[in-house]
Every structure is written in C-alpha cells, then in structure tokens.
Amino acid sequence: MSARGILFVHAHPDDETVSTGATLAHYADRPDVHLTVVTCTLGEEGEVRVPHLAQLAADQADQLGGYRLAEYRAAVAALGVTDTHFLGGVGRWRDSGMMGLPSNGHPRAFWGADVDEAAADLVAVLRDRRPDVLVTYDPDGFYGHPDHIQAHRVAMRAADLAADPTWRPDLGPAHRIRKTYWTTIPRTVIEARFAAFAGASDNPFAGAASVDELPFGAPDDQIHARIAAGPAAAERKRAAMAAHATQIAPGDWLDLLGDKLGGGLGEDAALAEYYILAAGEQGPGEGPHGWESDLLS
Ligand SMILES: CC(=O)N[C@H]1[C@@H](O[C@@H]2[C@H](O)[C@H](O)[C@@H](O)[C@H](O)[C@H]2O)O[C@H](CO)[C@@H](O)[C@@H]1O
Ligand SMILES: [Zn+2]
C-alpha cells in the first residue's frame with residue numbers, strides 16, 4: 001500500500017514546531033505515512049531572542065529570514081521531516097509582521113498576496129503529493145497574525161481548487177483531500193496553566209485577565225482530535241523548538257504554547273496537540289469527548 005500523506009501549511013519557520021511539532025515527530029518514523037510541510041514565509045519580521053544576533057532584525061541588517069531558514073532546516077531535521085516546500089519558492093512571500101504594522105504593506109508581504117496566485121503554487125504541491133489530510137489554521141489564523149490568516153485562506157482555497165479537474169489541469173490531475181484539520185488548543189488546557197501563560201515572557205497576550213480574553217482556544221466539545229505523542233516524539237519537538245532559538249526562548253510564550261500548554265514535557269511525557277476537523281468524516285474516537293487519536297483514521 002502506498003504511503004498516506006499528511007500535508008501541513010504553516011506561516012513562518014517555527015510554526016511547524018510550535019503548533020504541530022509533536023504530531024510531525026509522532027508520524028515521522030512511520031513508513032506508511034508521508035509528511036509534507038509547506039511554509040509561506042521566511043519569518044523576516046520576527047524579533048530576535050538571541051542578543052548577539054539582534055542586528056539580523058528587519059530594521060537593521062534585514063538578514064533574519066535567511067538565518068531562520070537555517071533554524072528551520074535544523075528543526076525539521078530534528079522532527080524527522082524530509083519533505084518541505086516554501087510557497088512560491090524560497091523567499092517569494094515575506095513575513096508581514098504583526099497585524100497593523102507598516103510591514104503589512106511590504107510589496108512582497110504575504111498578507112497582500114493574491115490568494116488565487118498563492119493557492120496555485122499550493123495546488124501544484126497538493127496534486128503532486130496527493131495527501132489524505134491537510135492541516136492548517138482556523139479562519140482567525142489561530143491567534144490573529146496576518147500571515148496565519150492568509151495561510152488559512154490560501155490552504156483552504158487550494159484544497160478546493162486542487163479537487164476541481166477543470167481548474168488548471170496543467171498543474172496535475174485533480175486531487176480531493178479526505179480530511180482537513182485546523183490547529184487549536186482546548187480552553188481547559190489554557191485555563192489549567194493560565195497563570196503560567198499570562199506570566200510568560202514576550203507574550204503578546206500578557207494583558208489578558210482570563211482565557212476569555214485570548215483570541216485562541218476552543219471548547220473541548222468543538223475539538224475532534226488529540227495527538228498524544230510519546231516521550232521520543234516529545235523530545236524531538238523539544239530539540240526542534242531549541243533549533244528556533246531566535247524565536248523561542250525558555251519560558252517565553254511560545255515555549256509554553258509549544259510545550260507545557262500543549263500537554264507539557266514538564267508535566268508528562270505525552271505531549272498533546274489538538275485539532276478541529278474542518279472537513280471530512282471524523283474517525284473513531286476515544287475518551288470523554290470522543291477525540292480521534294489518529295489524523296489518518
Ligand atoms: C509563532 C509565530 O507566529 N511567531 C511569529 C510572530 O512572532 C511574534 C512577534 O514577533 C511579536 O511581536 C512578539 O511579541 C511575539 O513574542 C512573537 O512570538 O510574528 C513575527 C512577525 O510577523 C513572526 O516572524 C513570528 O514567526
Ligand atoms: Zn507564525
């Protein structure tokens with residue numbers, strides 16, 4: 001039987017690890033599963049958490065994108081992922097920066113991309129890799145970042161176009177994705193660690209007084225899958241997070257988001273990542289909420 005594919009569409013180099021690193025590591029060693037990670041920008045507008053690299057920032061040497069490409073290569077290697085693709089080719093779309101910043105208007109900012117133009121490149125990848133499952137963000141981009149919102153729009157548009165045999169047959173035979181998931185975190189998980197989250201460094205949501213004030217998180221009954229990676233996959237995610245050193249510092253919000261809030265390397269060996277089934281039929285579930293434990297079910 002040929003390998004079944006799971007294709008992930010992420011906005012920046014670090015999202016593949018923070019949002020889905022344990023899931024990638026969980027499936028990486030399975031010979032019957034093919035993983036593809038599509039990343040939309042190089043993360044040029046990111047902050048720099050490593051002091052001696054601070055001058056790489058966009059408002060100085062503007063070399064952070066190239067540096068994060070190297071971090072990304074190390075991170076996906078740590079996760080065991082070998083099939084990666086940058087949307088439109090490496091460097092086509094630029095990190096737009098946080099919502100409302102002048103960088104949103106950069107001529108190559110992903111936020112300003114024509115969705116159908118960007119989706120066409122993704123259709124070519126979808127029709128080539130022919131995955132069973134697509135993973136991306138919800139319509140709010142998980143936490144409202146413009147590149148995450150755009151990644152959702154492009155991924156969902158591409159999924160529709162890839163399935164249409166009359167649309168751009170030059171991009172390959174039509175392919176219909178069986179299931180589409182959006183990343184999420186249960187509000188109950190955030191609530192259980194809210195004090196730690198609110199106190200995390202570099203947290204753009206540090207001012208939130210409660211989980212209700214956060215732009216992300218879903219009620220348990222709106223979640224459809226929980227992938228609980230074992231200790232080996234959790235450790236691979238830890239190594240991948242460490243590879244993204246310019247973006248993730250120990251104890252900062254992304255460290256918690258990718259680690260303790262996700263079920264926690266600190267609290268237990270099983271590091272959980274959660275998904276909403278946006279399209280397709282839910283497979284057999286388990287536990288009190290009937291959550292799937294396999295995205296390919
Ligand atoms: C996980 C993610 O999407 N990170 C983005 C995000 O980074 C945040 C941003 O720099 C913000 O200003 C900080 O307060 C916050 O701590 C960062 O996580 O936005 C960056 C710019 O678009 C992007 O490069 C980074 O990958
Ligand atoms: Zn991101």
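Here the residue numbering is sequential within each chain, running from 1 through the sequence in written order. Whichever chain is written first becomes A and whichever ligand is written first becomes 1, with later ones labelled in order. Under the rules for a predicted model, residues below a pLDDT of 70 receive no local features and side-chain atom pairs below 80 are neither given nor counted, while totals for whole chains, interfaces and linings still include all residues.

**Some points on helix α4 (residues 115-129)**
Definition in use: Every helix listed is a DSSP run of H or I at least four residues long, and every strand listed is a run of E at least two residues long, numbered separately from the N terminus. Each residue after the first adds 1.5 Å to the expected span of a helix. Exposure criterion: with C-beta atoms placed from backbone coordinates, a residue whose C-beta has 20 or more other C-beta atoms within 10 Å is buried, one with 12 or fewer is exposed, and one in between is partly exposed. Contact between residues is assigned whenever the C-beta positions, reconstructed from backbone atoms, fall within 7 Å.
Look at α4: 21 Å from first C-alpha to last across 15 residues, which is about the 21 Å you get at 1.5 Å a residue. All of the buried residues along α4 are Ala118, Ala119, Asp121, Leu122, Val123, Val125 and Leu126. Buried residues belonging to α4 abut β1 (4-10), β2 (33-39), β3 (83-86) and α5 (146-162). Just beyond α4, the residue with positive phi is Arg130, at close to 55 degrees.

**Description of the site of ligand 1**
As a reminder of what qualifies: Near residues are defined by distance alone, with the backbone-placed C-beta atom required to lie within 6 Å of the molecule or strand. Side-chain classes follow a simple rule in which Ala, Val, Leu, Ile, Met, Phe, Trp, Tyr, Cys and Pro form the nonpolar group, Asp, Glu, Lys and Arg form the charged group, and the remainder, Gly included, forms the polar group.
Neighbouring ligand 1 are 17 residues, the closest being His12, Gly43, Glu45, Gly46 and Asp202. Where the shell around ligand 1 is concerned, the elements lending two or more residues are α1 (15-18) and α9 (253-258). Its residues placed into classes, the shell around ligand 1 shows five nonpolar, six polar and six charged.

**Brief notes about the nonpolar core**
We count it as follows: Nonpolar core, as used here: buried Ala, Val, Leu, Ile, Met, Phe, Trp, Tyr and Cys residues forming one set through C-beta atoms within 7 Å.
Counting 74 residues, the largest nonpolar core has Leu122, Ala155 and Ala158 as the members making the most contacts within it. Broken down by element, this core gets its largest block of residues, seven residues, from α5. Leaving out residues up to four positions away in the same chain, Ala158 has contacts with Ala119, Leu122, Val123 and Leu126.

**Regarding the packing of helix α3 (residues 64-79) against helix α8 (residues 231-243)**
Between two packed helices, the angle of one axis relative to the other and the distance separating the axes together describe the packing. Put simply, the test is: Axes here refer to lines fitted to C-alpha atoms; in helices the fit is confined to the stretch in contact. Angles between the N-to-C directions go from 0 to 180 degrees. Note on terminology: angles under 35 degrees are roughly parallel, angles over 145 are roughly antiparallel, angles of 65 to 115 are roughly perpendicular, and the others are oblique.
Running from N to C, α3 and α8 point in directions that differ by 175 degrees, and their axes come no closer than 8 Å. With respect to α8, the axis of α3 lies roughly antiparallel. Across the interface between the two elements, Glu71, Ala74, Ala75, Ala78 and Leu79 from α3 touch Arg236, Lys237, Ala239, Ala240 and Ala243 from α8. For the contact of α3 with α8, the per-class residue count stands at seven nonpolar, no polar and three charged.

**Overview of the UniProt feature "binding site: Zn(2+)" (unreviewed entry) in the protein chain**
What counts is decided by this rule: UniProt positions are given in the numbering used here, feature names are shortened, and annotations may be inferred rather than shown by experiment.
Feature annotation in UniProt assigns "binding site: Zn(2+)" (unreviewed entry) to the following positions: His12, Asp15 and His148. These residues run over 137 residues, yet every pair of their C-alpha atoms falls within 9.4 Å of each other. Secondary-structure assignment places Asp15 in helix α1. On the neighbour-count criterion, Asp15 (30 C-beta atoms within 10 Å) is buried. Examined against the element boundaries, His148 turns out to sit in helix α5. Of the residues examined, His148 has 27 C-beta atoms within 10 Å and is grouped as buried.

**Concerning the pairing of strand β4 (residues 133-136)**
For clarity, the threshold we go by: By definition, two strands form a pair when at least two bridges between them are found by DSSP. If the strands point away from the viewer and the path from the first strand over the helix to the second runs clockwise, then the crossover is right-handed.
Side chains Val133 and Val135 project from β4 onto one buried face, and the interleaved Leu134 and Thr136 project onto a second face that is buried too. Summarising the sheet, β1 and β4 pair through three bridges and their orientation is parallel. Within β4, the residue paired with Ile6 across the bridge is Val133. Pairing geometry for β4 and strand β5 (residues 179-184), over four bridges, is parallel. Across the sheet, residue Leu134 finds its bridge partner in β5, namely Thr180. The parallel pair β4 and β5 is bridged by α5, and the resulting crossover is right-handed.

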